[in-house]
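One-letter residues, chain by chain:
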Amino acid sequence: MQIINQLSLDTVLFPASLSFVYVILPLLLALHHIFPARLRVGVLAVTSLLLYLMIQPDGLILMVVSVALDYIAVRLMNRHDDRQDIKRLCVIFSVVKNLVIIAVTGFLVQTRGVPLMLGTLIYTLSGMDAVIQMYKKECPYELDAIKFTLYCCFFPRLSAGPLYSYKDFDAQMINPSLSSTNLVYGVTAFLLGAVKALIIGAQLSDLYLQILDFPAESASVLSAWMLVIIFALAIFYIMSGLSEMAQGIGLMVGFKLPQNFYFPYQSRSVADFFERFNITAAAFIRKNVYKNLAGKAGKAYQDLPNLIVFGMLMGLWFGLRVNHMVWGLYLALFMFMEKYLYNRILVQLPTLMCRFYTLCVVLSSFTILSVNSLAQSVASVRLMFSFFSDSVPLYNNQIMYIMSSNWLLLLSSCVLATNLGNVISHWVRKTLPRTYTALNAAVSVVLLVLLTTLSL
Amino acid sequence: MQKNKRRVILIALLLAIPAVILFPRGGFLSEHLPSASQAIASRYVAENLQVYVATNFPFKSKLQEIGMDLRIAGGKREHNGTFIGEDVLVKNVQAPAPEIEEANTKAVSDFAEYARSIGRQVYFTLIPTASAITNTAVPSFADVFNQRLFIENVYGELAGKLVAIDTYLPLYTNRDQYMFYRTENNVTAYGGYHIYSALSKRMLGVDNPSYNAFDIDYVRDDYYGDLYAGSPDKDIRPDVLILFKYSRNPREYIVTHRDYTGVKTYHTLFPRHMVDIGRDMDVYLGGLSAQTDIISSSPNNRKLRLLLFGDKTALSYLPFLANHYQQITFLDLFHGDMAFENIYLEDYDQILMAYSVESYVAAGSVPSRVSIFNDR
């Protein structure tokens, strides 16, 4: 899986490892509670840098320099608040600098096989976003280097986000809300995310790689379908798991981070899919690119290129590859058609049919994202629909062995991708409000046992 | 005040967790934590910490067992290349790369031709592994290497150059019996008996030797082998170590082991004291060495000398064959890097090459070593 391969899973999933769960996280929380409230932001900033040093030492200098340059841009804007030209120059410098970092690291990953540095996309986009917000006066200039560093480098979200606006985070940094309830909910969210990323997502990505490695003579129609389905599930579980871990750690230390995934495979339309899949990245692109391109002009011919840019940028989130851009382009075309061609039909259709339509479009889009070249995508689609071909079997032992050996993983990953768990959780909260926190703690214990036994 | 007390308790609890994980065996910091410069130069700290925690986790083996049970419940029947059956562990032997098969077969062929040129007939057998015989342990749909076909192909390629002896069929026909260990990747004494039957019929003209000629001695009924040690699934019955002792005519044996560590001699085929020192499998012939010579003081009427090129499967059938030869020299070419300078093919009446399919398909095994005997 190129997307997964280029980010070493060991590095990305370090926060789900036993060493993090049983050693680093308790130490971090203890430290957080030992220090008085006014020093906690500083403690978190320092520990974030130390953890990055532990996980990705060769990328620390780039991160520190990048964040420092954005901070200097903010200071310059503050000093020359009355000089619009200097402020604009600072913003341009920050945007160009961050885009160059993203482009160069992405280029090195694709052409030289250099592993992608953890968090490059997050700290560059965060720094850029902060500078833009302060330039637009959406929030006051941040002159505290420690707070600015924490905003850009808060370690739990460096793996996969979520992205969030500086003004939202700034308000929380003033008074991080520590409470036992937040601690319990945070632990549950963190462990749920860890199980999703490490136990389900990483295993699904293993299965995906096994199927991808099938020699040509072992290919079958079922293996082609499973390749796409498992990819779709793996990418969802790894990314949403990492985001939920970040949310959980955030809650434990007093920050409420935004949700990044909300059952995307239950979307009613492709536009709805981007409201549920990598939500904060979509919001970031919508805010900083799509709206600036006058995306709400209302005329179809004006909106089409904007939607295409939006879709392609969503694809480029996964790395600089033609396939990724084509994936975004493909979904953007459906968004365009939904908006201007069959919006009324879609609104009138029953929810189940809408979901089925979206699932088909999204799954078919993953035939583009899940392989390494467009030629492979075409071959993959051809194989998926070779139902009546004499040369391709419908199924064979190889794919049946993978499915039968992992039936529980596959079944549970399909069920847990729906909002069934959420519905049950809400029902329990409504009917048993007093025991809800205790039940959360019990769920945490079960998740911890699962994580521990299946990681060892 | 109450709030402060709660805070202190929370901090103490949080600090207790890493303390339990990191300091159960004398501490992590002094041994494993590198200097700051090392930490900056590599991912030393994170990696070391992960390895340390995974290795020293409290109740690790019990937790691993639970994890394996969960995986088995979820459909998993294979762990690290070993199939996990209801009551048996079976190594999943993989098909070799075609070039390895070709090179090995050519080496055997060259060797057989050389032996024939000096008037010696080479007998050859490929012994299947449990994954080809113990079908019940192999999960549905598992893509298992077709050893039967492989063996037939190899025999076909070597036809006319040596005498191939089929040991697949006797093992397969008796697959309901205790042919392979449940927890060890090897043939049992029962399996060895069937291999011996096939070999002795072709090499010695002995037809269907009876069990009755042997006293059966149970050494251990709680033996756990190498597959068990590497498997997190511990719900497997232990193996039984059985000795078949020839009882018809009294015999004395001298078993001499030679390898790079020196020479060891046992005056029995089954040195039982090996069990007492924890080397259970070495109760058969004293274990494996580069060269093992078995001399029988009271052989049968025939004064035959056998040169055997084999692997660990020999521990199962060699004690049976020993009853028919005055001398057997067993060379384990996988054991160390000995030159075997005193071994000449002309000194032996018969030459047998008996490898398990797993040994035979191992990269660079037979061809790299067997050629040292050519043109000697």
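Residues numbered from 1 in each chain as written. Chains lettered and ligands numbered in written order. Predicted model: local features only at pLDDT ≥ 70, side-chain atom pairs only at ≥ 80, totals over all residues.

**A word on the overall build of chain A**
Argument step 1. What chain A contains, in helices and strands, is 22 helices and 0 strands.
Argument step 2. A globule of 456 residues ought to have a C-alpha radius of gyration of about 23 Å, and chain A, at 23 Å, matches this closely.
Argument step 3. Taken along its principal axes, the extent of the C-alpha atoms in chain A is 70 × 55 × 50 Å.
Argument step 4. Across chain A, the fraction of contacts at a sequence separation of at least 24, relative to all contacts at a separation of at least 6, is 76%. (Helix = DSSP H or I, 4+ residues; strand = E, 2+ residues; numbered from the N terminus. Rg over C-alpha atoms; globule rule 2.2 N^0.38 Å. Contact = placed C-beta atoms within 7 Å.)

**Side note on helix H5 (residues 60–73) of chain B**
Since one α-helical turn is 3.6 residues long, residues separated by three or four positions face the same way.
Residue and element names in this part refer to chain B.
Argument step 1. The first and last C-alpha atoms of H5 sit 20 Å apart over 14 residues, in line with the 20 Å expected at 1.5 Å per residue.
Argument step 2. Where the residues of H5 are buried, they touch strand S1 (78–79).
Argument step 3. Phi turns positive one or two residues past the end of H5, at Gly-75, with a value near 110 degrees. (Expected span 1.5 Å × (residues − 1).)

**As for the interface of chain B and chain A**
Argument step 1. Facing 37 residues of chain B, the contacting portion of chain A comprises 30 residues.
Argument step 2. Among the secondary structure elements, those contributing two or more residues to the side of chain B that touches chain A are helix H1 (2–22), helix H3 (36–41), helix H4 (44–56) and H5 of chain B.
Argument step 3. Residue contributions to the side of chain B that touches chain A peak at 9 residues, all from H1 of chain B.
Argument step 4. Counted by class, the side of chain B that touches chain A contains 23 nonpolar, 7 polar and 7 charged residues. (Nonpolar A, V, L, I, M, F, W, Y, C, P; charged D, E, K, R; others polar.)

**With respect to the sheet that holds strand S8 (residues 253–259) of chain B**
Residue and element names in this part refer to chain B.
Argument step 1. Here we have 8 strands laid out as an open sheet, ordered S5-S4-S13-S11-S12-S10-S8-S9, and mixed in their pairing. At either margin of the open sheet sits one strand with a lone partner, and together these are strand S5 (163–164) and strand S9 (262–266).
Argument step 2. In this sheet, strand S12 (residues 327–331) lies alongside strand S10 (residues 291–296) in antiparallel orientation, the contact comprising 5 bridges. Within S12, the residue paired with Asp-293 across the bridge is Thr-329.
Argument step 3. Sheet strands touched by helix H6 (residues 98–117): strand S4 (122–127) and strand S13 (350–356). Its angle to S4, the strand with the most contacts, is close to 155 degrees. (Pairing = 2+ DSSP bridges. Axes fitted to C-alpha atoms, helices over the stretch in contact; angles between N-to-C directions.)

**A word on the sheet that holds S1 of chain B**
Residues and elements named next belong to chain B.
Argument step 1. The 3 strands are arranged S1-S2-S3 in an open sheet whose pairing can be described as antiparallel. Here the strands that pair on one side only, and so sit at the sheet edges, are S1 and strand S3 (89–91).
Argument step 2. By the bridge criterion, 3 bridges tie strand S2 (residues 82–84) to S3 in an arrangement that is antiparallel. In the sheet register, Thr-82 faces S3, and the bridge partner there is Lys-91.

**Thoughts on the nonpolar core**
Argument step 1. Cys-153, Ala-194 and Ala-197 of chain A are the most contacted members of the largest nonpolar core, which has 140 residues in total.
Argument step 2. Here this core gets 21 residues from one element, more than from any other, and that element is helix H11 (residues 221–252) of chain A.
Argument step 3. Not counting residues up to four positions away in its chain, the partners in contact with Ala-197 of chain A are Leu-13, Ala-16, Ala-202, Tyr-237, Ile-238, Gly-241, Leu-242 and Met-245 of chain A.
Argument step 4. Membership of the second largest hydrophobic core comes to 76 residues, among which are Ala-130, Phe-214, Leu-318 and Phe-330 of chain B. (Core = buried A, V, L, I, M, F, W, Y, C linked by C-beta atoms within 7 Å. Buried ≥ 20, exposed ≤ 12 C-beta atoms within 10 Å, placed from the backbone.)

**Comments concerning unusual backbone geometry**
Residue and element names in this part refer to chain B.
Argument step 1. Backbone geometry places Phe-141, a non-glycine residue, at a positive phi of 70 degrees.
Argument step 2. Under the C-beta neighbour-count criterion, Phe-141 is labelled partly exposed, with 17 such atoms within 10 Å.
Argument step 3. Look at Leu-285: it is not a glycine, yet its phi comes out positive at around 65 degrees.
Argument step 4. You can see Leu-285 is positioned in the loop between helix H12 (273–276) and S10.

Read these as spatial facts, not as claims about activity.
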